[in-house]
Amino acid sequence: QVQLVESGGGLVQAGGSLRLSCAASGRTSNTYAMGWFRQAPGKEREIAAAISWSGVDTYYPDSVKGRFTISRDNTKNTMYLEMNKMRPEDTAVYYCAASSRSTYARPTIMHYDYWGQGTQVTVSS
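None of the values given here were measured: they were computed from a predicted structure. (Residues numbered from 1 in each chain as written. Predicted model: local features only at pLDDT ≥ 70, side-chain atom pairs only at ≥ 80, totals over all residues. Heavy atoms only, no water.)

## Comments concerning the packing of aromatic side chains
Applying the stated criterion to the full structure yields three aromatic pairs. On the numbers, 5.3 Å between centres and 75 degrees between planes, the contact of Phe 37 with Tyr 112 is edge-to-face. Of this pair, Phe 37 sits in strand 4 (residues 34-39) while Tyr 112 sits in the loop between strand 9 (92-98) and strand 10 (114-115); the two residues are 75 residues apart in sequence, bridging distant segments of the chain. Each member of the pair, Phe 37 as well as Tyr 112, carries the same accessibility label: buried. Ring geometry for Tyr 112 versus Trp 115: centroids 6.3 Å apart, planes at 65 degrees, classification edge-to-face. The class for Trp 115 is partly exposed, based on a relative accessible area of 26%. Taken together, the aromatic side chains of Phe 37, Tyr 112 and Trp 115 make up a single cluster linked through ring pairs. Directly above the ring of Tyr 80 sits Arg 19, whose terminal nitrogen or CZ lies 4.1 Å from the centroid. In this arrangement the basic side chain of Arg 45 is found over the ring face of Trp 115, its NZ or CZ atom lying 5.0 Å from the centre. (Phe/Tyr/Trp six-rings, centres within 6.5 Å; stacked < 30°, edge-to-face > 60°. Helix = DSSP H or I, 4+ residues; strand = E, 2+ residues; numbered from the N terminus. Buried < 20%, exposed > 50% of the residue type's maximum accessible area, 1.4 Å probe, protein only. Lys NZ or Arg CZ within 6 Å of the ring centre and 35° of its normal.)

Following this line, the structure appears as C-alpha cells:
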C-alpha cells in the first residue's frame, strides 16, 4: 500500500502564495504519475495539476495555468504545488493523488489509485 500525506494548507489573502507538499510512504515503487486535485463545497473534485513520473511532463487546467507550479522530488518521495496569485475561487480541499498504472500526467480521477486525506486551502478576498 501507499500512504499520501498532504501539508502546507492554510489561510491566505487574495494575491498571496502557498506551497503544498505531499509525502508518499509505503510501497512507493508502485507510484508513477501524481496529481493535485481540489474540491470546493458543493462542487465536484477537479484537477489542479498533474505531473509525470519523470517530472518532465505536467498538466494544468486553464483556471490555474500561469499561477500554479507542480513539481516532484523522487529521491524524497515528495510532490509539491506552488500556488501564486491566489484567488478566492481557489478555496477548496486539496488532495494529493498517485497512480500505480500510468507514468503520464493524467488530468482525470479515474487514473489515480491512491489518495491523501486532503488539506484545506482558504483564500480570503
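Once the structure has been displayed, the description carries forward.
## What about the sheet that holds strand 3 (residues 18-26)?
Pairing in this open sheet of four strands is antiparallel, and the strands run 1-3-8-7 from one edge to the other. Among the strands making up the open sheet, the edge pair consists of strand 1 (2-7) and strand 7 (68-73). With direction set aside, neighbouring strand axes in the sheet form an average angle of 15 degrees. Bridge analysis of strand 3 against strand 8 (residues 78-83) gives six bridges, and the strand direction is antiparallel. (Pairing = 2+ DSSP bridges. Axes fitted to C-alpha atoms, helices over the stretch in contact; angles between N-to-C directions.)

## What about the state of the cysteines?
Each disulfide consists of a covalent bond between the sulfur atoms of two cysteine residues. On inspection of all chains with the given rule, the structure shows one disulfide. Here Cys 22 is linked by a disulfide to Cys 96, with a sulfur-sulfur distance of 1.9 Å. Every disulfide takes its handedness from the sign of the S-S torsion; for Cys 22 and Cys 96 that torsion is -65 degrees, giving left-handed. Note that Cys 22 is positioned in strand 3 and Cys 96 in strand 9, a separation of 74 residues in sequence. Look at Cys 22 and you get buried, because its relative accessible area is 0%. Judged by its relative accessible area of 0%, Cys 96 is buried. (Disulfide = S-S within 2.5 Å.)

Treat this as a map of the structure, not an account of what it does.
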